[in-house]
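Chain and residue survey
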Amino acid sequence: MGMEAPQQDIQKEMAAEAALDFVSAGDVIGIGTGSTTNFFIDSLVKIKSKIDAAVASSEVSAERLRAVGIRVIDLNHAGELPLYVDSADEATSNGYLIKGGGGALTREKIVASACGKFVCIIDTSKLCGILGSFPLPIEVIPMAQGLVSRRLVQMGGTPVVRERFQTDNGNIVIDVRNLDLTDPLRVEQELNCVAGVVENGIFGRQSADVLLVGGDNDVRQLNL
Ligand code: 5RP
């Protein structure tokens, strides 16, 4: 979103590079979406002969993986996976996340759910005390746009439909500000009970198992 300071990119790249330590020979790896994950894909190229294949959480990541010669397989042909590597828009130090800035939240949550370990790679700007400064993305069936928006207002939120955007699943994204996310697990569940909501970007039940936080000089590893 917008121009990024080069320092932030360096931090993302460092976190991405550190995630290579979690890759084992013969793995099929779950891969997220976004600029930090792109750095991970670039790093993965160096050890691509070591892995078996990847399962991508978006069409754009699948294309990028194929372009660098990494085999991409369908989740339905992969079964349970050992490792999911992805970034986030916000992360608390206990591993709760907001994801979906790139709009891939539903597939990201599906692939993360199929993986034994979620290694989340972020730069320091993503770490926060309480989730919610970043607008929460919600994937919604198009015909339910008005209904879901009204329910979000009733919950105290300020919804904005993401313009000129369609998810890989053919749906819209509503970004919502001002929801109280002090109890992310409760809100995650509550939002998914609204008819028309496909998935929301709170990764509470599907929190990170490891946070790799790229800093100015090193990468901090939080095991959760
Ligand atoms: C995409 C995501 C991304 O992980 C999130 O938006 C972070 O992106 P970036 O690595 O570009 O900062 O959830 O749906």
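Now for a look at the structure at hand. (Residues numbered from 1 in each chain as written. Predicted model: local features only at pLDDT ≥ 70, side-chain atom pairs only at ≥ 80, totals over all residues. Heavy atoms only, no water.)

Some points on the sheet that holds strand 10 (residues 197-200)
- Pairing is antiparallel across the open sheet formed by four strands, whose spatial order is 8-9-7-10. Of all strands in the sheet, those with a lone pairing partner are strand 8 (158-161) and strand 10, marking the two edges. For this sheet the average axis-to-axis angle between neighbouring strands, irrespective of direction, equals 30°.
- As defined by bridge partners, strand 8 adjoins strand 9 (residues 172-177) across four bridges and the pair is classed as antiparallel. (Pairing = 2+ DSSP bridges. Helix = DSSP H or I, 4+ residues; strand = E, 2+ residues; numbered from the N terminus. Axes fitted to C-alpha atoms, helices over the stretch in contact; angles between N-to-C directions.)

A few points about the site of the ligand
- Close to the ligand lie 17 residues; Ser35, Thr36, Asp89, Gly100 and Lys126 are nearest.
- Within the backbone of Ser87, a nitrogen or oxygen atom sits 3.3 Å from an oxygen atom of the ligand.
- A distance of 2.8 Å separates an oxygen atom of the ligand from a polar atom in the side chain of Lys99.
- Contact with the protein chains hides 91% of the accessible area of the ligand, taken as 380 Å² for the molecule alone.
- Residues that form the shell around the ligand fall into these classes: two nonpolar, nine polar and six charged. (Near = heavy atom within 4 Å. Polar contact = N/O pair within 3.5 Å; in protein donor to acceptor, adjacent residues only side chain to side chain. Areas by Shrake-Rupley, 256 points an atom, 1.4 Å probe, with all protein chains shown as cover. Nonpolar A, V, L, I, M, F, W, Y, C, P; charged D, E, K, R; others polar.)

Quick look at the side chain of Thr106
- With respect to the secondary-structure elements, Thr106 resides in helix 4 (residues 105-113).
- Among all residues touching Thr106, those that are not within four sequence positions of it are Glu139, Asn169, Val198 and Glu199. (Contact = heavy atoms within 4.5 Å.)

Focus: the sheet that holds strand 11 (residues 202-203)
- Overall, antiparallel pairing links the three strands, which are arranged 4-5-11 in an open sheet. One side of each edge strand has no neighbouring strand; the edge strands of this open sheet are strand 4 (90-91) and strand 11.
- Bridge count for strand 4 against strand 5 (residues 97-98) is two bridges, and the pairing is antiparallel. When the bridges of strand 5 are listed, Glu90 appears paired with Ile98.

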